[in-house]
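Single-letter residue listing:
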Amino acid sequence: MNQPNIVRINDIIEQVLSYHPEADTGLLQRAYVYSAKVHHGQKRLSGEPYLIHPLGVARILADLNLDEYTVSTGLLHDTVEDTYATLGEIENIFGHEVSFLVDGVTKISKIASTSHEDRQAENFRKMILAMSKDIRVILVKLADRLHNMRTLQYVPPDKQKKIAHQTLDIYAPLANRLGLYEIKRELEDLGLSYTQTEMYLDIESNLVVTAEQRKKYVSEVIAIIEEKLQEFGIRAAVQGRPKHIFSIYNKMVDQNLNFAEIYDIMAFRIIVVSRQECYEVLGIIHSIWKPVPGRFKDYISMPKANMYQSLHTTVIGPYGQRIEIQIRTDDMDRIAKHGIAAHWRYKEGRHIQQKDDERFAWLQQVMETQSELKDSRDFLQAFRVDVFPDEVYVFTPAGKVIELPKGATPVDFAYRIHTSVGHKCIGAKANGNIVPLRYELKTGDMVEILTLANHMPSRDWLKFVKTTRARSKIHQFVKQQERGRSLALGRDICERELRKHKLTTASLQKEADVFACAGRDVKTLDDLFAAVGQGRVSVKQLINRLLPKEQAVDKKHDKEYGVSADKKATDKAGRGIRINGIDDLMVRYGKCCNPVPGDAIRGFITRGRGVTVHTAACPFLESSDPERVIDAQWDESSKHLASVPVEVICEDMKGILADITSAISTTGINIINARIRTTPDKKAINIFEVEIGNLKQLDTVITSIRKVKGVLKVTRLRS
């Protein structure tokens, strides 16, 4: 995929005409002229004219044999974001199709998010939403990322690693999922060169040193294969090359090997005319060299979801070296190189998109899930799970192939078939044998789901299901069930308490202020009852909103239902919290993570006990029901102190305890408790509980302690 820095529009037009003779070259020429005009005077960090970038992106798209609308979008993709150009002007000049694609790839630069992570997740979510409407949007985005990675050396070093990590984490796996293997390989190698530079250069230099030896070996293997195929009258193209650097790196890391110990760094490809010949060649190869057990994969009979088809086998080649061989037809090779981009064909000068729901079922699943996941970070994690997995291929009893992520269970399989099958699942068979619902499916398993009409999904299933579809459907069902129970409980609590004060539920409906105090998501009387049943709203709050002030409920008897409406949710130390914009809920603090003012926090709705506040990264939240996790913020106007345990490991030496306590005192921070014990290896482990008002004060304390001679380690304890 590498291209020289200087790309001319005539080269791009010539490339497009080579695979699409009826293309509208005038559109391409106009897009080039317009891009040159609006980007005039702009420079890249390399000092080159900015136009180099859109030309480079357009060339990558032309190399993928994409239509003139997509290539034109490559030329225009940054105009709306980085110049005075408007989307309306793009549509007037180039038409709706190009303007739609340009709009799809325009970066989202003004998103109100609380953190960089949120912003990245929301950008990615919108990119995937655009992809669902037209896959060409993502192809332009990948071409944009690839060209930027090729020129990443001009970016400041602190940004290089961040961009490279994002490329390896998101864009390379996405290219792989779309079958764009050439782009995937280049993104991986470029990403590795910035994230693990020394390792990359070491592998690269070793490949250079052994290049001549490998060249001779490749020629020898190709000659043996070609001679044998000629004997059987099979015409084929045979190619050989080393695996890409990222692939070699992964093998070294996974198997704890150095470069000299890697023997299967060579990959060979045999391209034949027909599908039948693929299997004939496989037999011939296995007659020449001994196959390695367990290293044969038939992606022709069971294609990957991205349309990839090929036979893969690993054999013990000349001199005892392992070699990987791929066997495929010309059409399969074209799809392997261009992936989803090969989905376009041309007829009478117009592009048509071939519909194939089976091939893109994974994308439909992702888009169905996104409508159920409102939080962008949850969506990003779900996309990583569902779109970037190692796959397993299993069969239905009717012989249909179902693709699932590695580690998927019969429950995931059941929900992939249909939501109702998942809900009613009571057991499963794999290859005719009863298996547990936790059983991890293996490629080739024939799976049968056992159902019962009145059965309901279990919350425990959330502990082992792997697909986002299964997880979201189970959550949805459990949420409905819990809402029903909370609704009944809340109605009972409200009616009982209202009767004590000679009020009725009709009183609640008449008083708009009651709904205002309950939160933005409470709009109906049922919502209000459910909120009381879940502990999100205190019934005393509601009563106090209905009664005159002189008749307000006595705060002394507030134990059963939480805090009153005119008191902020605080703990004994006065730590103010705002939950989802509400400041009068009953709040507790998670002992598992001990949140401190300044920590990113989220709330977890407990049954009948209000909200428990945890740090945003707390493992408890990761394993809990996301439907019960809500946004929370510290109330910055509240003056509050928190008790935070700090562990100090130091040498057991005379006077060091006095030095540590003195270091804490000099920061103006109060020590409210201390526990000290010594170890047999002459170390001392000290736990100091200090009162701090925010994270900055805590950092100051920790920094001060670290300066004490003899201190080995200082850690904030989470529990």
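Residues numbered from 1 in each chain as written. Predicted model: local features only at pLDDT ≥ 70, side-chain atom pairs only at ≥ 80, totals over all residues. Heavy atoms only, no water.

**Q** I'd like a description of the overall build of the chain, backed by residues and values.
**A** A count of helices and strands for the chain gives 28 helices and 22 strands. Counting all 719 residues of the chain, 52% fall into the buried class. Taking as baseline every contact in the chain between residues at least 6 positions apart, the subset at least 24 positions apart corresponds to 66%. Accessible area for the chain stands at about 35500 Å²; split by element, carbon and sulfur atoms hold 50% of it. (Helix = DSSP H or I, 4+ residues; strand = E, 2+ residues; numbered from the N terminus. Buried < 20%, exposed > 50% of the residue type's maximum accessible area, 1.4 Å probe, protein only. Contact = heavy atoms within 4.5 Å. Areas by Shrake-Rupley, 256 points an atom, 1.4 Å probe, with all protein chains shown as cover.)

**Q** Lay out the sheet that holds strand 21 (residues 683–692) in plain terms, naming residues and giving numbers.
**A** Read from one edge of the open sheet, four strands run 20-21-19-22, paired in antiparallel fashion. The sheet is open, and its two borders are formed by strand 20 (670–678) and strand 22 (711–716), each paired with just one other strand. Taking the axes of each pair of neighbouring strands and ignoring which way they run, one obtains an average angle of 20 degrees across the sheet. One ladder, built from 10 bridges, connects strand 19 (residues 642–651) with strand 21; its direction is antiparallel. Pairing of Cys650 across the sheet is with Ala684, part of strand 21. Against the sheet, helix 28 (residues 695–706) contacts strand 19, strand 21 and strand 22, and its axis sits at roughly 165 degrees relative to strand 22. (Pairing = 2+ DSSP bridges. Axes fitted to C-alpha atoms, helices over the stretch in contact; angles between N-to-C directions.)

**Q** Report on the pattern of salt bridges, specifying residues and quantitative values.
**A** Applying the stated rule across the entire model yields 16 salt bridges. A salt bridge links Glu97 to Arg136, with the nearest nitrogen and oxygen atoms 2.8 Å apart. Taken together, the positions of Glu97 in helix 7 (residues 96–105) and Arg136 in helix 9 (residues 136–150) put the pair 39 residues apart, joining distant regions of the chain. Relative accessible area serves as the criterion here: at 25%, Glu97 is assigned to the partly exposed category. Between Glu186 and Arg150 there is a salt bridge, and its shortest N-O distance comes to 2.8 Å. (Salt bridge = Lys/Arg side-chain N within 4 Å of Asp/Glu carboxyl O.)

**Q** So what's going on with the packing of helix 13 (residues 211–231) against helix 15 (residues 275–288)? Which residues, and what values?
**A** Running from amino to carboxyl end, helix 13 crosses helix 15 at an angle of 120 degrees, the nearest separation of the two axes being 11 Å. One element, helix 13, and the other, helix 15, form an angle in the oblique class. Note on packing geometry: the crossing formed by helix 13 with helix 15 is right-handed. Taken together, the residues of helix 15 that come into contact with helix 13 (itself represented by Ile224, Ile225, Lys228 and Leu229) are Val281, Ile284, Ile285, Ser287 and Ile288. A class-by-class count of the residues in the contact of helix 13 with helix 15 yields seven nonpolar, one polar and one charged. (Parallel < 35°, antiparallel > 145°, perpendicular 65-115°, else oblique. Left-handed = near helix turned anticlockwise from the far one by under 90°. Nonpolar A, V, L, I, M, F, W, Y, C, P; charged D, E, K, R; others polar.)

**Q** Describe the sheet that holds strand 11 (residues 425–430), and please don't skip the residues or the numbers.
**A** Spatially, three strands are ordered 12-11-13 in an open sheet, and the strand pairing comes out antiparallel. Where the open sheet ends on each side, the last strands, each with one partner, are strand 12 (433–435) and strand 13 (447–451). Ignoring strand direction, the axes of neighbouring strands in this sheet form an average angle of 35 degrees. Taken together, the three bridges between strand 11 and strand 12 define a ladder with antiparallel strand orientation. Bridge assignment links Ala428 to a residue of strand 12, and that residue is Val435. On top of the sheet, helix 19 (residues 410–417) reaches strand 11, strand 12 and strand 13; it is set at about 80 degrees to strand 13, its chief contact.

**Q** Can you lay out the packing of helix 6 (residues 87–94) against helix 7 for me, pointing to particular residues and giving the numbers?
**A** At a closest axis distance of 7 Å, the pairing of helix 6 and helix 7 adopts a crossing angle of 150 degrees. Regarding helix 6 and helix 7, the two cross each other, and that crossing is right-handed. On helix 7, the residues touching Leu87, Ile90, Glu91 and Phe94 of helix 6 are His96, Val98, Ser99, Val102 and Asp103. Taken together, the residues of the contact of helix 6 with helix 7 break down into five nonpolar, two polar and two charged.

**Q** Describe unusual backbone geometry, and please don't skip the residues or the numbers.
**A** The backbone of Tyr319 shows a phi angle near 65 degrees, a positive value even though the residue is not glycine. Position of Tyr319 relative to the elements: it lies in the loop between strand 5 (311–316) and strand 6 (322–329). In this structure, Asn431 is a non-glycine residue whose phi angle is positive, near 55 degrees. Tracing the sequence through the fold places Asn431 in the loop between strand 11 and strand 12.

**Q** Explain helix 2 (residues 25–38) to me, using residue names and the numbers behind them.
**A** In an α-helix, one full turn covers 3.6 residues, which means residues spaced three or four apart are oriented alike. Its 14 residues place the ends of helix 2 20 Å apart at the C-alpha level, agreeing with the 20 Å of an ideal helix rising 1.5 Å per residue. Among the residues of helix 2, Leu27, Leu28, Ala31, Tyr34, Ser35 and Val38 are the ones counted as buried. Along the axis of helix 2, the buried positions cluster into a sector of 135 degrees, meaning they face one direction only. Against helix 1 (9–19), helix 3 (52–63), helix 4 (68–76), helix 5 (79–82), helix 6 and helix 7 lie the buried residues of helix 2. You can read the cap of helix 2 off the contacts: a side-chain oxygen lies 3.1 Å from the backbone nitrogen of Gly26, and it is on Asp24. (Expected span 1.5 Å × (residues − 1). Arc of directions from axis to C-beta. Polar contact = N/O pair within 3.5 Å; in protein donor to acceptor, adjacent residues only side chain to side chain.)

**Q** Could you give me a rundown of the side chain of Thr419, with the residues and numbers involved?
**A** Within the element layout of this structure, Thr419 appears in helix 20 (residues 419–423). In this structure Thr419 comes out as buried when scored by relative accessible area, which is 19%. When sequence neighbours within four positions are dropped, the list of residues in contact with Thr419 reads Arg469 and Lys473.

**Q** Break down the environment of Asp412 for me, with residues and values.
**A** As for its placement among the helices and strands, Asp412 is situated in helix 19. Placed 55 residues apart in sequence, Asp412 and Thr467 show a C-alpha to C-alpha distance of 6.1 Å. Setting aside chain neighbours within four positions, we find Asp412 in contact with Leu404, Val465, Lys466, Thr467 and Ala470. Within polar-contact distance, the side chain of Asp412 engages the side chain of Thr467 at 2.8 Å.

**Q** Kindly report on helix 28, identifying the contributing residues and their values.
**A** The end-to-end C-alpha distance of helix 28, which contains 12 residues, comes to 16 Å, matching closely the 16 Å that a straight helix rising 1.5 Å per residue would cover. Within helix 28 the residues assigned to the buried category are Leu698, Val701, Ile702, Ser704 and Ile705. For helix 28, the angular spread of the buried residues around the axis is 160 degrees, confining them to a single face. Residues of helix 28 that are exposed and angled more than 90 degrees away from the buried face: Lys696 and Arg706. Contacts made by the buried residues of helix 28 are with strand 19, helix 27 (656–665), strand 21 and strand 22. The N-terminus of helix 28 is capped by Asn694, whose side-chain oxygen sits 3.2 Å from the backbone nitrogen of Lys696.

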